[in-house]
Amino acid sequence: MKGGGGLKNLPKVELHLHLEGGAPPAFIRGLAREKKLDISGIFSEDGSYAYRDFWHFLKVYEAACTTLQTPEDFRRLTLAVLEESAASGVVYSETFLSPDFCGGRDIGAWKEYLLAIREAADEAERTMGITLRGVVTCIRHFGPEKARETALCAAETAGDFITGFGIAGDEKVGAPKDYLWSFDSAREAGLRLTAHAGEWGGPQSVRDAIRDLGVERIGHGVRAIEDLALVDEIAERGTVLEVCPGSNVTLGIYPDFRRHPIAELDRRGVKVTVSTDDPPFFHTTMAREYEELNRAFDWDEGQFLRLARQALDAAFCDADTKAKIAKKLEA
Ligand code: HPA
Ligand code: ZN
């Protein structure tokens, strides 16, 4: 199946997408124009986002987010992001939502932003056949105090739409245990847990996230491959990795798809899944991830469907939603 022509239409389940990170650059430029904000410095001449490395990427990301100022902006953003995902064959998207960018972690404001995001999600489900669920995410380099406020937003809105809690941002700042209060509060509110680790931190960062925060999924986690005892432990525990190969290649963690560890982790029994992270920033889409994985590892439709089922099993949504999505994977 070299060339992978049919891969685009294969039903896909995505577990790791930052909502603001899915914003097409033209969409952000449009908002900047409407609000008379000058953020031209974050774009390259060809109109794409321009950044030097991961840490500069975080700055550019936050600058892009300054254009997202109202619930209506987030309603439009959600529709734009889901349109791109649906065009890649995604039928279920578990998306990181950040109260930091939605009214600055104020619970009342957060509820209004969330209502607008849900309105867009309902519309996308009706018109594009894609289902969205949210994972509220705190931002590590904003510090534990702000994370606590974020966790309160998450706990206050936990339910059938907000299904999980996680942490993103600069993995090199602080330690997972600094965020224990937030993760404990989220768990007590019934939320399922995931944490970014093992992208910029080595294997120990993955161990710390699992042991100190008790997360059942890891965002990235790929650098566990540098410690095979940890790989065995993750496989035995059934910890799920939200792997974003294109993101890792674009940011230079691995030189190309062939040298990305996703296939070896899979062979060693780790539950891997495939996601895009921040697709326009990393010049990717779910369809492109599948094409590149097909080219690098000769993965076929059977393998991709197996990984999509694995992702659906690991999704944080309720059983009825899973059953509905499962039918789309069987079709
Ligand atoms: N990694 C870490 N933090 C982030 C990312 C990412 O890709 N996108 C937005 N916040
Ligand atoms: Zn991420």
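This structure is a prediction, so every number in the text was calculated from the model and none was measured. (Residues numbered from 1 in each chain as written. Chains lettered and ligands numbered in written order. Predicted model: local features only at pLDDT ≥ 70, side-chain atom pairs only at ≥ 80, totals over all residues. Heavy atoms only, no water.)

1. Description of the nonpolar core
Okay, so step 1: Core analysis: the largest hydrophobic core is formed by 97 residues, its most contacted members being Ile28, Tyr49, Phe74, Phe165 and Phe183.
Okay, so step 2: Counting the residues that make up this core, at least three belong to each of domain 1 (4-23 + 71-326) and domain 2 (25-67).
Okay, so step 3: Among the nonpolar cores identified, the runner-up in size contains 13 residues, and Tyr92, Val240, Ala311 and Ala314 belong to it. (Core = buried A, V, L, I, M, F, W, Y, C linked by side-chain atoms within 4.5 Å. Buried < 20%, exposed > 50% of the residue type's maximum accessible area, 1.4 Å probe, protein only. Domains from an automatic or database assignment.)

2. Observations regarding the domain arrangement of the protein chain
Okay, so step 1: Domain boundaries assigned for the protein chain yield domain 1 (4-23 + 71-326) and domain 2 (25-67).
Okay, so step 2: In this structure, domain 1 and domain 2 have C-alpha centres spaced 22 Å apart.
Okay, so step 3: Opposite the 23 residues of domain 1 that make contact, domain 2 presents 18 residues.
Okay, so step 4: When domain 1 packs against domain 2, close to 1800 Å² is buried across both sides, 70% of that on carbon and sulfur atoms.
Okay, so step 5: In this assembly, domain 1 and domain 2 are joined by two salt bridges.
Okay, so step 6: For the interface between domain 1 and domain 2, the tally reads eight residue pairs in polar contact (both at pLDDT 80 or more).
Okay, so step 7: When residues in the side of domain 1 that touches domain 2 are grouped by element, the largest group, four residues, is from helix H3 (residues 71-87). (Contact = heavy atoms within 4.5 Å. Buried area = accessible area lost by both parts, 1.4 Å probe. Salt bridge = Lys/Arg side-chain N within 4 Å of Asp/Glu carboxyl O. Polar contact = N/O pair within 3.5 Å; in protein donor to acceptor, adjacent residues only side chain to side chain. Helix = DSSP H or I, 4+ residues; strand = E, 2+ residues; numbered from the N terminus.)

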